[in-house]
There are 2 protein chains.
Amino acid sequence: MGAFAIRPDKKALTLYPFPADLVNNRIREVLSGQNDEISRIIDYLLAGSGKMLRPRLVFLSASLYPHEPHLVTDMAVVVELIHLASLVHDDVIDQSDCRRGRGSLNSCFGNQTSILTGDYLFATAFKLINYHSQQKILDNLTSTIQTMCAGEIKQMQLAFDIEISEEEYLEKSYGKTACLFASCCKIGALSCSMPDAEADALEEFGLCLGYAYQIIDDLLDFMSDRTKLGKPCGSDLREGNITLPVIYLLRDLSYGPWLQTVIAERAFDAANITAITEALIKNGAIDACLQLTYNFITRGLERLDKLPAGPARKEIMDMGKFLLENYYRSLRTDIITVEREMSSS
Amino acid sequence: MGAFAIRPDKKALTLYPFPADLVNNRIREVLSGQNDEISRIIDYLLAGSGKMLRPRLVFLSASLYPHEPHLVTDMAVVVELIHLASLVHDDVIDQSDCRRGRGSLNSCFGNQTSILTGDYLFATAFKLINYHSQQKILDNLTSTIQTMCAGEIKQMQLAFDIEISEEEYLEKSYGKTACLFASCCKIGALSCSMPDAEADALEEFGLCLGYAYQIIDDLLDFMSDRTKLGKPCGSDLREGNITLPVIYLLRDLSYGPWLQTVIAERAFDAANITAITEALIKNGAIDACLQLTYNFITRGLERLDKLPAGPARKEIMDMGKFLLENYYRSLRTDIITVEREMSSS
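What counts and what doesn't
- Positions within a chain are numbered from 1, following the residues in the order the chain's sequence is written.
- Chain A is the first chain written and ligand 1 is the first ligand written, with later ones labelled in order.
- Confidence filtering applies because this is a predicted model: local features only for residues at pLDDT of at least 70, side-chain atom pairs given and counted only at 80 or more, and all residues used for totals across whole chains, interfaces and linings.
- Numbering of helices and strands runs from the N terminus; a helix is a DSSP stretch of H or I covering at least four residues, while a strand is a stretch of E covering at least two.
- We take the radius of gyration over the C-alpha atoms and set the globule estimate at 2.2 Å times the residue count to the 0.38 power.
- In this scheme every C-beta is placed from the backbone, and a residue whose C-beta has 20 or more other C-beta atoms within 10 Å is buried, one with 12 or fewer is exposed, and one in between is partly exposed.
- Any pair of residues counts as being in contact when their C-beta atoms, constructed from backbone geometry, are within 7 Å of one another.
- To obtain an axis, a line is fitted to C-alpha atoms, over the contacting stretch when the element is a helix, and the angle between two such axes runs from 0 to 180 degrees between their N-to-C directions.
- The sense of a crossing depends on the near helix, which, turned anticlockwise from the far helix by less than a right angle, makes the crossing left-handed and, turned clockwise, makes it right-handed.
- Under the scheme applied here, ten amino acids are nonpolar (Ala, Val, Leu, Ile, Met, Phe, Trp, Tyr, Cys and Pro), four are charged (Asp, Glu, Lys and Arg), and all others, including Gly, are polar.
- All copies are superposed by least squares; the fitting set is the C-alpha atoms of residues with a pLDDT of at least 70 in both.
- By definition, a nonpolar core groups buried Ala, Val, Leu, Ile, Met, Phe, Trp, Tyr and Cys residues that connect through C-beta atoms lying within 7 Å of each other.
- Each helix should span, by expectation, one fewer than its residue count multiplied by 1.5 Å.
- By construction, the arc corresponds to the directions joining the helix axis to the C-beta atoms.
- What pLDDT expresses is the predictor's confidence in each residue, scored from 0 to 100.

## Digging into the overall build of chain A
Move 1: In terms of helices and strands, chain A carries 16 helices and two strands.
Move 2: Rg of the C-alpha trace for chain A: 20 Å, near the compact-globule value of 20 Å for 345 residues, within the 12% margin.
Move 3: Projected onto its principal axes, the C-alpha positions of chain A cover 60 × 50 × 35 Å.
Move 4: Residue burial in chain A is summarised as follows: out of 345 residues, 48% are buried.
Move 5: Considering only contacts within chain A whose residues lie at least 6 apart along the sequence, 76% involve residues at least 24 apart.

Shown next as structure tokens:
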């Protein structure tokens, strides 16, 4: 795990100036005014609020150059609305009954309401960008949504496909996560007076961060438990989503053929999921994934060299490092737990 | 049925200059370029192309004043994309396996693909409006979508509610149909150099046309057969959607109590649906619905007085009359069929 050597400044970790309450209140504000039922749904949705990574990226990116605070807040709101809409629709698509450690919207309000709520969130997001006359942002974000949807449709054909390559996995991660992370940075850049070349560099940082985030997320699906992650362990594999650690394990001469059989027979009982998790550690698939994560972060951070030095840039760098450090710590605890169970059995 | 006395000019019926092929080709064009799977889905979706009422309204409205043809074509494309997106999502919501006389998108490609395709269509529509820098149109259409979604969410609570009033029915019809019809007229008006007062009048015409259209559509759900309508007879009632003819029949002293029991017991077998259809004719519910349709059309046509006289205005008037005439003819054939079956049994 030496690959994961970037360490953030301890002090910076506690110093995010991100105004989460301001953004959440504004989300409530822009979504309200239709009827009581919508308000009830939105309350439920926002009570399970996540890490708000995407709005954070907008804020930090915009803080690099002079900007209009109201515009930046609203653009942070916009990316969170789009993210929420895609989560709500994804949970219907995946028939998930769990999200962020509690019942998903579809499990509480039904699929119908979830689909309509997602559409309502999309429409509200576009309305808000339009209100601020941000044509470039609207163009960027609609392209991103097209990419997300088209990518997800294409990738559904790859479900349970054990022939999937690392390149196809990255293509999948691009549509699923990285393109929206990149958009968030670009939208932040477009919300301030940042020169084009720097905006492009920041967008690439977002892209790298997104890839890294997705790999860590895919690892956590095996390593973390239901309580922490808010969904059952190994659920990606159960849904046919062949992620990077699994791709690496499939290539392994001793584990590969066994794993192929497990996938072909859809034999995803708890014993097999545990066996896969242990194999991922023994075979080095986890290490290989962390190495790639590290490479992405390093590449992303290099892009930030083009940005003006100062506290804002430092904070963006720390954000990338913090995210991964945080996940790394969580993963390490999980790995120790699994290793302890392995040696005691 | 004398209420339905408006008769369009026979010649005008065949003289719509609406360029359906141009609009369809442009829809294909704006949706293409992502990947083969998306193209395959779009081909399927467009092969079942409907009457294109909404793009027609945009064209006719814009033709009243000087306009830029490319803009008008694209705005017609936009409203059809929004309509298609909402149909695709509605079919997932209603679990419909039939649309426009053939398999619905969800029945052929699955719910997942349908939800994502709907999102893709929404994003593409907003991208296209933004491309033309039409801020007012974007604002109008996002409000309309918010209204449609919030309305549908609210109305789901009214499913199987036999206490629903005529007013609540109209509120439901507003969200479901009338607000998008009104938007189409307004978008056409905003795509040309029409003065505000006339744009408002045209929007009201669209609203009235939408209400009338929805009532006729609800009648056809009982009167028409599966082949014509592309969905099973009485399917609204089966889904708990209490429409205007049913509201009228529920109020009838002889049929009301019986119908209440049928609904309470969800006893929607073919015999009962036929019995309801016959009761709607005998009791005069059909006539009452047609009377209201006529009133809406008349009110809508009166609004058009404010528009400059000439061939464009005449065509819009004829469009309203034609639509209803067309449906009326279809309904009359159905009524004769039902009456014949009633007298022979």
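Anyway, onward from the coordinates.
## Some details on the packing of helix H8 (residues 166–190) of chain A against helix H9 (residues 196–223) of chain A
Residues and elements named next belong to chain A.
Move 1: Where H8 meets H9, the axes come as close as 7 Å, and the angle between the chain directions of the two elements is 145°. In the crossing of H8 with H9, the sense of the turn from one axis to the other is right-handed. Residue-level contacts link Leu170, Ser173, Lys176, Thr177, Ala178, Phe181, Ala182, Cys184, Cys185, Lys186, Ala189 and Leu190 of H8 to Ala199, Leu202, Glu203, Phe205, Gly206, Leu207, Leu209, Gly210, Tyr211, Tyr213 and Gln214 of H9.
Move 2: Considered class by class, the residues forming the contact of H8 with H9 number 15 nonpolar, five polar and three charged.

## Some remarks on the interface of chain B and chain A
Move 1: Contact residues are listed per partner, giving 33 residues for chain B and 34 residues for chain A.
Move 2: Of all the secondary structure elements, the ones that give two or more residues to the side of chain B that touches chain A are helix H3 (36–47), helix H5 (69–93), helix H6 (105–131) and helix H7 (135–156) of chain B.

## Details of the relation of the copies chain B and chain A
Move 1: After a rotation of 180° and a shift along the axis of 0.0 Å, chain B superposes on chain A with an RMSD of 0.0 Å. In symmetry terms, the pair is related by a two-fold rotation axis.
Move 2: A shared interface surface links the copies, since 100% of the contact residues of chain B are contact residues in chain A too.

## Details of the packing of helix H4 (residues 53–62) of chain A against H8(A)
Residue and element names in this part refer to chain A.
Move 1: Contact pair H4 / H8: the axes reach a minimum separation of 7 Å and the direction vectors enclose 35°. Once H4 is placed against H8, the crossing between them reads as right-handed. Across the interface between the two elements, Arg54, Leu57, Val58, Phe59, Leu60, Ser61 and Ala62 from H4 touch Leu180, Phe181, Cys184, Cys185, Ile187, Gly188 and Ala189 from H8.

## Overview of the nonpolar core
Move 1: Formed by 210 residues in total, the largest nonpolar core has its most connected members in A:Val58, A:Ala212, B:Val58 and B:Ala212.
Move 2: Apart from residues lying up to four places away in sequence, B:Ala212 is in contact with B:Thr293, B:Phe296, B:Ile297 and B:Leu324.

## Considering unusual backbone geometry
Move 1: Even without glycine at this site, A:Arg266 takes up a positive phi of about 50°.
Move 2: Within the secondary structure, A:Arg266 is located in the loop between helix H13 (256–264) and helix H14 (270–283).
Move 3: We note that B:Phe160 has phi near 60°; this positive angle belongs to a residue other than glycine.
Move 4: Position of B:Phe160 among the secondary structure elements: in the loop between H7 and helix H8 (166–190).
Move 5: A tally of 13 C-beta atoms within 10 Å means that B:Phe160 is categorised as partly exposed.

## Looking at helix H3 (residues 36–47) of chain A
Move 1: Across its twelve residues, H3(A) extends 16 Å between first and last C-alpha, which sits within 8% of the 16 Å expected from 1.5 Å per residue.
Move 2: Taken together, the buried positions of H3(A) are occupied by A:Ile38, A:Ile41, A:Ile42 and A:Leu45. Relative to the axis of H3(A), the buried residues are bounded by an arc of 100° and lie together on one face. Exposed residues pointing more than 90 degrees away from the buried face of H3(A) are listed as A:Asp36, A:Arg40, A:Asp43 and A:Ala47.
Move 3: Packing partners of the buried residues in H3(A) comprise helix H2 (20–31), helix H5 (69–93) and helix H6 (105–131) of chain A together with H7 of chain B.

## Focus on the environment of B:Ile115
Residues and elements named next belong to chain B.
Move 1: If you trace the backbone, Ile115 turns up in helix H6.
Move 2: Of the residues examined, Ile115 has 27 C-beta atoms within 10 Å and is grouped as buried.
Move 3: Distance in space between the C-alpha atoms of Ile115 and Ala264 is 32 Å, their sequence separation being 149 residues.

## A word on the confidence of the model for chain A
All names here are of chain A.
Move 1: Put simply, chain A has an average pLDDT of 86, and 92% of its residues get 70 or more.
Move 2: Of all helices and strands in chain A, the one with the weakest mean pLDDT is helix H1 (residues 10–13) (36), whereas helix H12 (residues 244–250) scores best (97).
Move 3: A low-confidence stretch, residues 1–16 stays under pLDDT 50, and its non-local contacts, those more than four residues away or across chains, total 21 contacts.
Move 4: ipTM for the predicted complex: 0.88, alongside a pTM of 0.88.

## What about the environment of B:Val78?
All names here are of chain B.
Move 1: Structurally, Val78 is set in helix H5.
Move 2: Spatially, the C-alpha atom of Val78 lies 9.1 Å from that of Leu121, the residues being 43 residues apart in sequence.
Move 3: Each residue touching Val78, except ones within four places of it in the same chain, is listed here: Ala125, Leu128 and Ile129.

## Structural notes on the environment of A:His132
Residue and element names in this part refer to chain A.
Move 1: Looking at where His132 falls in the secondary structure, it is placed in the loop between H6 and helix H7 (135–156).
Move 2: Measuring from C-alpha to C-alpha, the distance between His132 and Leu71 comes to 7.1 Å, with 61 residues separating the pair along the chain.
Move 3: Sequence-distant contacts of His132, defined by excluding residues within four places in its chain, comprise Leu71 and Asp74.

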